[in-house]
Amino acid sequence: MVGLSLDAGGAPDGCGGAAGALGAPVVGPLGLVDSLETFCGLSTPVASAVTRIAAWQRALEAAGPGRFWSRSLEADAWATARVLLRWRDGLVEAGWAAEHDLDAPRLADLAAAERAAEGLPPGLPDRMARLLDELDRHCVARLGRLRLVDRRAHLPPGLRRLVDRLEALGVAVEETAFAPAAPAETALGRLQRWLGDGETPAGAPDGSVTLAACASAPLAAELVGQWVETAPAGATATLVAEGGDSRLLDHGLAAAGQPRAGRSLRSPRRGTLQVLQLGFAVAWAPFDPHALMQLLAFPDGPIGLRAARRLAGALEEAPGRGGREWAEAWAEIEADALADAEGDAARAARRLERWRAWADPDCADPIAGMPIAQALAICDRGASWAVARYATTHDPLFLATARLADDVRRALVALGRAHYPRTLIERIVDEALDTGEPDPAAVAEAAPWRCVAHPGAVWGPVDTVVWWNFFAPGDAAAASPWTKAEREALAAVGIVPDTPARAAAAAAAAWERAVLCARERLLLVAPGLEAHDEDALHPLAHRIAPALKVLGTRARLEEALAAPATNLCGREIVRMPAPASAPPAGRALWPTPADFAARLAGRKQSATSFETLAACPLAWALRHVAGLYPGRARAIGDEERLIGNLAHALSVEIFRPGPPPAPDAAAAATRSRLDALIDVFAAPLRHPAAAIDLAFARRRLPEAMATLATLLADNDLSVVATEERFETEAEPGLPVHGAIDLVAQDARGGIVIIDLKWTRSPKRRREEIADGRAIQLATYAAVRGGVGARAGYFLLRQRLFATPAREGLTGFGIEASRTLPETWAAMRETYRLWRDAAEGGRLVARGVEGCEDHEPPDLPLVREVACEYCDYQGLCRVRSA
């Protein structure tokens with residue numbers, strides 16, 4: 001049994017009915033060619049499309065200038081080769097060869113390219129053409145009969161010529177006749193007979209034909225699952241998952257206790273298929289930290305999990321390579337590898353070499369191109385890793401990744417270049433990924449029904465046909481590229497290329513065949529937002545519309561939401577309303593565990609934890625005492641954060657202990673070190689998308705460093721330290737730690753704290769100082785300099801030094817309601833009050849209605865709570881309050 005849509009399976013899946021049949025397979029064109037090649041001893045590995053396109057592009061280039069494709073080839077060689085290969089395959093399928101001496105210029109040019117295409121991997125048309133030459137009676141001796149599901153006139157030229165050849169060699173060829181399967185007295189039977197003879201339909205609907213539409217695809221899947229559940233024992237059915245996707249329908253089937261169909265769309269975005277793309281992305285200049293971060297994020301990626309975490313942490317802290325964080329991460333990885341290898345240095349070195357090849361490769365120029373050796377090495381690494389992982393996991397995606405890497409490698413070799421620009425390699429990888437892979441988690445379960453991906457795969461009678469996703473398919477036939485003169489020239493030598501009319505007729509016949517095979521019920525389901533748009537429905541809906549008005553039932557499945565029972569295609573579905581329950585209410589007061597005090601005693605506080613406590617004690621306890629953090633993926637900061645990191649790194653290098661540099665010297669030092677530090681701390685700024693931010697950083701950072709130098713000089717300050725880390729006990733039982741951006745000293749020996757901030761607006765920091773809530777400044781000043789220490793925020797973007805006016809520092813003085821020592825005293829008292837309340841068993845979620853009733857009286861320091869940004873708003877239910 002041979003059918004155009006049977007390569008992906010058919011319904012039934014074999015000949016012989018329930019008893020089955022030996023030696024009577026159900027195959028499509030690929031299956032037939034595979035079988036005949038086996039009979040003739042011609043089996044060879046199947047060439048990928050990307051390899052064939054690459055080889056054909058090389059042939060087009062070898063054909064020389066002055067061809068009809070020359071200008072297109074110069075503008076977009078890959079797309080031109082892909083289109084012209086499709087044209088060439090269509091001609092070969094119809095019997096064309098380079099030896100045909102045709103006067104048409106375009107055909108003559110294609111013949112020249114064909115002659116230059118030495119080693120072009122064979123496609124399906126080439127395999128059919130070779131079979132036509134090699135087939136003889138001996139080869140087909142075991143092939144007694146060939147039954148066609150599709151009419152011979154509906155077969156494409158290559159398959160039709162192959163069938164003709166088999167028939168000439170003595171193989172009996174039969175076209176299967178499809179008669180209406182339903183009884184004539186039913187609405188379904190009358191619809192089937194109307195398809196055959198076109199007579200005006202008569203009768204009334206009886207529930208055997210239903211077109212169901214639902215704007216909610218999940219609801220439609222749920223109802224179809226319940227409908228399948230009501231099927232009588234022993235009933236047979238075929239599910240047509242139009243487009244090959246039953247993922248949503250499977251949820252509805254499983255919810256009703258029915259087996260899953262297990263069909264899924266092929267997607268190029270499946271897990272490990274992205275590894276090869278990322279392997280190339282990391283190897284282009286400028287270095288792309290985002291691509292490397294994605295590569296490191298793979299849970300079963302080519303870099304060991306522990307090593308990947310270390311590198312990801314370093315990359316998140318300093319998005320670049322070559323800096324202190326990067327070197328420290330590799331040092332830790334080397335120590336881990338040596339320990340894992342039990343002291344075997346050679347074994348550890350081999351592992352480190354593999355990891356470095358992925359994470360720290362040489363970066364190639366995207367315009368001049370990547371050397372062929374480096375490109376092939378990336379493919380080889382990807383294939384080796386994927387094969388090794390498949391051997392231990394048996395995950396089919398790893399095997400698909402290995403095939404992908406091999407296909408890309410073959411395509412690169414077929415093009416025969418010394419260097420490959422980035423755009424070309426990305427086109428090749430995208431082409432190799434084009435078909436994608438199905439979801440390996442979508443597994444078909446044993447069921448009394450069969451699921452097929454195309455209505456043309458239904459070729460035998462079945463009790464019920466359910467056509468899911470009854471929308472217009474997206475596989476419209478391509479228009480013929482040949483002019484009338486070219487078609488006449490081809491016809492003169494017996495070559496008749498395929499036509500859109502043939503493909504359209506074959507598709508229409510396949511759709512109708514699915515209807516003709518239903519014996520009892522036909523359920524057509526259109527789920528989704530376009531379900532009630534007539535233009536979006538499958539073309540078959542318009543073909544049967546006249547009969548459907550008379551014989552069919554149109555159901556709006558949304559009505560099932562309000563009805564206790566729904567009749568769908570002759571079966572009643574009983575639905576029970578789900579009991580309603582109120583969501584959890586917001587809760588202001590929370591109990592603490594008995595050992596809260598012990599847990600708190602082991603925790604160091606920081607300026608950040610103090611700020612959190614002043615805003616919301618519950619958030620403080622969850623984060624800074626319980627250590628409860630939201631799950632997240634490693635990520636590179638945005639451009640604002642990158643420039644801020646860059647500014648901090650520059651300040652460390654420029655402002656060494658001692659007198660500050662002159663403003664001009666600070667600006668010059670910034671310009672001289674900026675490029676090197678960008679590669680270490682802010683590599684994403686090198687990419688074209690960040691060009692505006694990079695230009696802004698180049699202009700603003702030298703100005704900011706010069707202003708900072710001026711600030712230090714105007715206040716007669718010398719630098720004591722930058723990025724100074726501290727860990728001390730602010731008072732008995734209150735350990736505090738942190739890092740101060742810049743510690744300076746005045747002429748009298750007094751300490752001045754300067755906290756560097758890169759922020760879009762100075763408003764928040766100015767308000768903190770004015771309201772006496774500058775907890776960070778107060779904490780740093782108290783623990784580092786004592787009561788007499790002074791402090792302020794240097795806002796790098798605005799080149800503004802914001803400081804309390806009473807501090808006596810030159811800058812933007814702000815009248816503050818509290819001095820920094822008073823702010824620190826208020827914070828300590830606030831800490832004591834909230835700590836005592838928590839140790840007494842009470843935590844307050846500020847922001848929830850009624851929280852004021854549980855707060856200690858006369859809190860000296862309170863920060864505004866920002867529940868919309870809180871990681872714990874789902875716990876306290878502040879949004880439901």
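Residues numbered from 1 in each chain as written. Predicted model: local features only at pLDDT ≥ 70, side-chain atom pairs only at ≥ 80, totals over all residues. Heavy atoms only, no water.

Caption draft 1: Fine view of the sheet that holds strand β17 (residues 790-795). Across the sheet, six strands lie side by side as β14-β15-β16-β17-β18-β19; this open sheet has mixed pairing. On the outer flanks of this sheet lie β14 (718-731) and β19 (812-814), each paired with one strand and no other. Neighbour-to-neighbour, the strand axes of the sheet open up by a mean angle of 35°, direction not taken into account. Bridge count for strand β16 (residues 751-757) against β17 is six bridges, and the pairing is parallel. Note on β17: the bridge partner recorded for Ile753 is Ala791. Across the sheet, helix α30 (residues 775-785) is in contact with β14, β15 (734-745), β16 and β17; its angle to β16 comes to roughly 145°. (Pairing = 2+ DSSP bridges. Helix = DSSP H or I, 4+ residues; strand = E, 2+ residues; numbered from the N terminus. Axes fitted to C-alpha atoms, helices over the stretch in contact; angles between N-to-C directions. Contact = heavy atoms within 4.5 Å.)

Caption draft 2: Region of the structure containing the pattern of salt bridges. Per the counting criterion, the structure on display carries 65 salt bridges. A salt bridge links Arg422 to Glu426; the shortest N-O distance between them is 2.7 Å. In this pair, Arg422 and Glu426 are both assigned in helix α18 (residues 422-433), four residues apart and thus about one turn of the helix distant. Close ionic contact of Arg686 with Asp679 constitutes a salt bridge, the shortest N to O distance being 3.0 Å. With a relative accessible area of 25%, Arg686 lands in the partly exposed category. Each of Arg306, Arg310, Glu332, Asp336, Asp340 and Arg351 takes part in salt bridges that share partners, so that together they form one network. (Salt bridge = Lys/Arg side-chain N within 4 Å of Asp/Glu carboxyl O. Buried < 20%, exposed > 50% of the residue type's maximum accessible area, 1.4 Å probe, protein only.)

Caption draft 3: Seen up close, the packing of aromatic side chains. Taken as a whole, this structure holds twelve aromatic pairs when the rule is applied. Ring geometry for Phe68 versus Trp69: centroids 5.0 Å apart, planes at 75°, classification edge-to-face. Residue classification places Phe68 among the partly exposed positions, given a relative accessible area of 30%. The buried category is assigned to Trp69, whose relative accessible area is 2%. Directly above the ring of Trp330 sits Arg356, whose terminal nitrogen or CZ lies 4.1 Å from the centroid. In this arrangement the basic side chain of Arg389 is found over the ring face of Phe398, its NZ or CZ atom lying 5.8 Å from the centre. (Phe/Tyr/Trp six-rings, centres within 6.5 Å; stacked < 30°, edge-to-face > 60°. Lys NZ or Arg CZ within 6 Å of the ring centre and 35° of its normal.)

Caption draft 4: Up close: the pairing of strand β8 (residues 462-468). Of all seven residues in β8, seven are buried, a share of seventy percent or more. Alignment of strand β4 (residues 237-241) against β8, held across five bridges, turns out to be parallel. From the neighbouring strand, Ala241 faces β8, where its bridge partner is Trp468. Pairing of β8 with strand β9 (residues 518-527) involves six bridges; the strand directions are parallel. Considered in β9, the bridge of Val466 is made with Leu523.

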